[in-house]
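The lines below spell out each chain.
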Amino acid sequence: MNLASLATWWFALIIILISPALHAQNAIPPILQSVDIEQKLNAQIPVDAEFKDENGKSVRLSDLLKGKPAILTLVYYECPMLCTQVLNGLVSSLRPLTFTPGNEFNIITISFDPTETSELARSKKLAYLKEYERTDVSRGWYFLTGDAKSIERVTQAAGFRYMYDQKIDQYAHGSGIMVLTPQGKVARYFYGIEYSTRDLRFALIEASQNRIGSIADKVLLYCFHYDPSVGKYSAYAINLIRLGGIVTVLLLGGFILKMRRKDSVNHVR
């Protein structure tokens, strides 16, 4: 087989191997090809955007941040499945968290369906406050509705792309939540419908610039690193080694000091 024939054979083999992948990509419905949650870390959410809260009161996002980090969830209240799973997953991860909405952080839930009403938002809030099973969180979790312009400003800034499917009268959208800084900048993304309590805690502490959390949290954060490609915190090997070295030095120092004190006591005797 000459070189030209060999090259032709390899080219044909590559085409055969990648054809299923190309076919699968083309098989994705057009509406889903426009759906995504694009990471825009450090992007500024328009905090001057106006919405209606669950009581029908006009509010700006800046009124709800109140100088604290916030968890942002973009859903629509009449979603038959995925949005419910997102909010259920959030509640499950929040229950073990010692931080409380309204104290250390806030939660802002926005419907991206401009036809939904404050009454629907209030009903959804009552259901999830009951599901949360923790007192005094009502003042820290907001369920908002708004017009198309305000919704578009927020979703575009957050990288949240969704589409309305007229055939089934539903929205196609991704699943995930975001953590905002007190200034309304996107600090972290968490994808899917289940979220690690530890990772949420880390994200809120970092977003607050370490204004919340304990000394132990700060030590743990030194050992864990946020990986934006997967939206999770993973052990940071270099810092683990460094921390191990520091602990070893401290233990050795303590042992030497203890031995010296013991020798001093023996000499006095």
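Keep in mind the model is a prediction, meaning the values are calculated, not measured.

Calculation notes
Residues numbered from 1 in each chain as written. Predicted model: local features only at pLDDT ≥ 70, side-chain atom pairs only at ≥ 80, totals over all residues. Heavy atoms only, no water. Phe/Tyr/Trp six-rings, centres within 6.5 Å; stacked < 30°, edge-to-face > 60°. Helix = DSSP H or I, 4+ residues; strand = E, 2+ residues; numbered from the N terminus. Buried < 20%, exposed > 50% of the residue type's maximum accessible area, 1.4 Å probe, protein only. Lys NZ or Arg CZ within 6 Å of the ring centre and 35° of its normal. Axes fitted to C-alpha atoms, helices over the stretch in contact; angles between N-to-C directions. Left-handed = near helix turned anticlockwise from the far one by under 90°. Contact = heavy atoms within 4.5 Å. Nonpolar A, V, L, I, M, F, W, Y, C, P; charged D, E, K, R; others polar. Polar contact = N/O pair within 3.5 Å; in protein donor to acceptor, adjacent residues only side chain to side chain. Lys, Arg positive; Asp, Glu negative; His and termini not counted. Salt bridge = Lys/Arg side-chain N within 4 Å of Asp/Glu carboxyl O.

Observations regarding the packing of aromatic side chains
- Using the criterion set out here, one finds 14 aromatic pairs in the structure.
- With centroids separated by 6.3 Å and ring planes inclined at 45 degrees, the aromatic side chains of Y128 and W141 adopt a geometry described as tilted. Here W141 lies in strand β6 (residues 141–144) and Y128 lies in helix α5 (residues 118–132), a separation of 13 residues in the sequence.
- Residue class for Y128 comes out buried when judged on its relative accessible area of 5%.
- Since its relative accessible area comes to 0%, W141 is described here as buried.
- Through a chain of ring-to-ring contacts, the aromatic side chains of Y76, F112, F160, Y162, Y164 and Y171 assemble into a single cluster.
- When the ring centre of F99 is taken as origin, the NZ or CZ atom of R201, which lies over that ring, is 4.2 Å away.

Comments concerning the packing of helix α4 (residues 82–94) against α5
- Axis separation between α4 and α5 bottoms out at 10 Å; the angle between their running directions is 35 degrees. The handedness of the crossing between α4 and α5 comes out as right-handed. Of α5, the residues touching α4 (which contributes T84, L87, N88, V91 and L94) are Y128, E131 and Y132.
- Considered class by class, the residues forming the contact of α4 with α5 number 5 nonpolar, 2 polar and 1 charged.

Quick notes on the environment of Q44
- You can see Q44 is positioned in the loop between β1 (36–37) and β2 (50–52).
- Residue Q44 is classed as partly exposed on the basis of its relative accessible area of 38%.
- Considered as a pair, Q44 and Q183 are 139 residues apart in the sequence and their alpha carbons are 8.1 Å apart.
- Sequence-distant contacts of Q44, that is, excluding residues within four places in its chain, are made with A157, Q183, G184 and K185.
- Here the side chain of Q44 touches G184 through a polar contact of 3.3 Å, landing on its backbone oxygen.

Here's the deal with the side chain of K68
- Relative to the helices and strands, K68 is located in the loop between α3 (61–65) and β4 (70–75).
- Despite its burial, K68 remains without a salt bridge, the nearest opposite charge being carried by E104 at 7.6 Å.
- A polar atom in the side chain of K68 sits 3.1 Å from the backbone oxygen of N103.
- Not counting residues up to four positions away in its chain, the partners in contact with K68 are G102, N103, E104, F105, N106, T181 and P182.

Some points on helix α7 (residues 197–207)
- In terms of burial, α7 is a largely internal element, 8 of the 11 residues being buried.
- Of the residues making up α7, those classed as buried are D199, L200, R201, F202, A203, L204, I205 and A207.
- Its side-chain oxygen at 3.3 Å from the backbone nitrogen of R198, S196 defines the N-terminal cap of α7.
- Following α7 by one or two positions, Q209 has its phi on the positive side, about 60 degrees.

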